[in-house]
Number of protein chains: 2
Amino acid sequence: MLSLEQKIVREGTVLEGDVLKVGSFLNQQLDVDFLMEMGNEIARIYSGDNVTKLLTVESSGIAVAVAAGAIMHLPVVFAKKNKSSNISSDVYSANVHSYTHNKDYDIVVAKDYINADDKIVIIDDFLANGKALEGLIEIVGQAGATVIGCTCAIEKGFQGGGDRLRAQGIRVESLAVIDKMSPDSIEFRK
Amino acid sequence: MLSLEQKIVREGTVLEGDVLKVGSFLNQQLDVDFLMEMGNEIARIYSGDNVTKLLTVESSGIAVAVAAGAIMHLPVVFAKKNKSSNISSDVYSANVHSYTHNKDYDIVVAKDYINADDKIVIIDDFLANGKALEGLIEIVGQAGATVIGCTCAIEKGFQGGGDRLRAQGIRVESLAVIDKMSPDSIEFRK
């Protein structure tokens, strides 16, 4: 998505440790008009796929998913991050390792909100090592539902998570894929 | 907002401890088409107020704020919840007491995203004791910006937080105000 690539170049800042700061439009501040453009693009990608539901994980993923849900007229379910190991029997759950914070957490979704008939698109803001997506895919599997595809706004291609999922046959269509970045330049995948 | 009151009656469940469960449309699952209706109502309430920005707090508040932002063509800033007491100098922050979890946390917003010229509407999903709103109002004050008003989707009027803020002269316009609730009935403020 060219307009997203241009926005990343214009407003993003590359920090130490492969961190891309896009707080002005995607993380702390949300450029809602631009989110709706991303929602339009997500709707275009999955038109004809009979998607029934969008799944994301709190917090920043919610904004992208709501934008897509508004265009696609679909409900959004968001997984909650749970630090306690106290998982009840009425939820689907998966363990996720965060490289950023170097710790594990559980993501949980109440069983009420995903069922076996659902055809799901998983949405998130960032895709790096792919651990959050793997957890969400595991939850969809627990429900017996189908993953149609995964779309993240920004994929850090050089961290390999997206390509590892693609190698497993999962459809991953990120809106912008960064293959290389430094404080001076950002290189996008063609 | 009559359609919201009807939806609460139809889909909500009142649990022990004054908990209203609305996971089917506002918390874990988001009925995005209905969120957009709420966004329309929020836009109507503040039409003519020259609002420049919406402010909310993660996580569920983001969905309501994005819906309003989409209709009003305004950016949304969301405060992050911070469990550490390690607050840097480049953020505004406020301490919030959660009665639900009986503990304190900090909410923080990077200084970059609110400035003194901003006219802000604060948005959240629930208003109970009003502690989260008070924290957000404090942050707007730290930035020297103006609070135009506060709108929550569902106000638990019987918990008094909204009325306490109104008594301080703050404009609080919730989309639905519950004055009394039990497992058998929910009574809305007229």
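Residues numbered from 1 in each chain as written. Chains lettered and ligands numbered in written order. Predicted model: local features only at pLDDT ≥ 70, side-chain atom pairs only at ≥ 80, totals over all residues. Heavy atoms only, no water.

Right, let's talk about the interface of chain B and chain A for a bit. The interface is formed by 34 residues belonging to chain B together with 34 residues belonging to chain A. In total, about 2600 Å² of surface goes out of reach between chain B and chain A, with carbon and sulfur atoms giving 57% of it. Counting across the interface, chain B meets chain A through zero salt bridges. At the junction of chain B with chain A, the criterion picks out 17 residue pairs in polar contact (both at pLDDT 80 or more). Elements supplying a minimum of two residues to the side of chain B that touches chain A: strand 3 (29–30), helix 2 (32–45), helix 3 (60–72), strand 5 (76–82) and strand 7 (103–110) of chain B. Broken down by element, the side of chain B that touches chain A gets its largest block of residues, six residues, from helix 3 of chain B. (Contact = heavy atoms within 4.5 Å. Buried area = accessible area lost by both parts, 1.4 Å probe. Salt bridge = Lys/Arg side-chain N within 4 Å of Asp/Glu carboxyl O. Polar contact = N/O pair within 3.5 Å; in protein donor to acceptor, adjacent residues only side chain to side chain. Helix = DSSP H or I, 4+ residues; strand = E, 2+ residues; numbered from the N terminus.)

Note on the identical chains: chain B maps onto chain A by a rotation of 180 degrees and an axial translation of 0.0 Å, with an RMSD of 0.0 Å. Both copies are brought into coincidence by an operation consistent with a two-fold rotation axis. Of the C-alpha atoms belonging to chain B, the one lying closest to the rotation axis is found on Ser59(B), 2.7 Å away. Of the residues that chain B buries at the interface, 100% are likewise interface residues in chain A, meaning the two copies contact each other through the same surface. (Least-squares fit on C-alpha atoms with pLDDT ≥ 70 in both.)

Another aspect to go through is helix 3 of chain B. Residues and elements named next belong to chain B. Relative to the 18 Å expected for 13 residues at 1.5 Å per residue, helix 3 spans 19 Å between its end C-alpha atoms, a close match to the ideal helical length. Most of helix 3 sits out of view: twelve of its 13 residues are buried. Among all positions in helix 3, only Ser60, Gly61, Ile62, Ala63, Val64, Ala65, Val66, Ala67, Ala68, Gly69, Ala70 and Met72 are buried. At the C-terminal side of helix 3, His73 shows a positive phi close to 55 degrees. (Expected span 1.5 Å × (residues − 1). Buried < 20%, exposed > 50% of the residue type's maximum accessible area, 1.4 Å probe, protein only.)

Glancing now at the packing of aromatic side chains. Considering all chains together, one arrives at two aromatic pairs over all chains under this definition. Here Phe25(A) and Phe34(A) contribute two aromatic rings whose centre-to-centre distance is 6.1 Å and whose plane-to-plane angle is 85 degrees, an arrangement assigned as edge-to-face. Cation over ring: Lys7(A) sits above Phe25(A), and NZ or CZ is 5.3 Å from the ring centre. Over the face of the ring belonging to Phe34(B) we find Lys7(B), whose NZ or CZ atom lies 5.0 Å from the ring centre. (Phe/Tyr/Trp six-rings, centres within 6.5 Å; stacked < 30°, edge-to-face > 60°. Lys NZ or Arg CZ within 6 Å of the ring centre and 35° of its normal.)

That is the geometry; function is a separate question.
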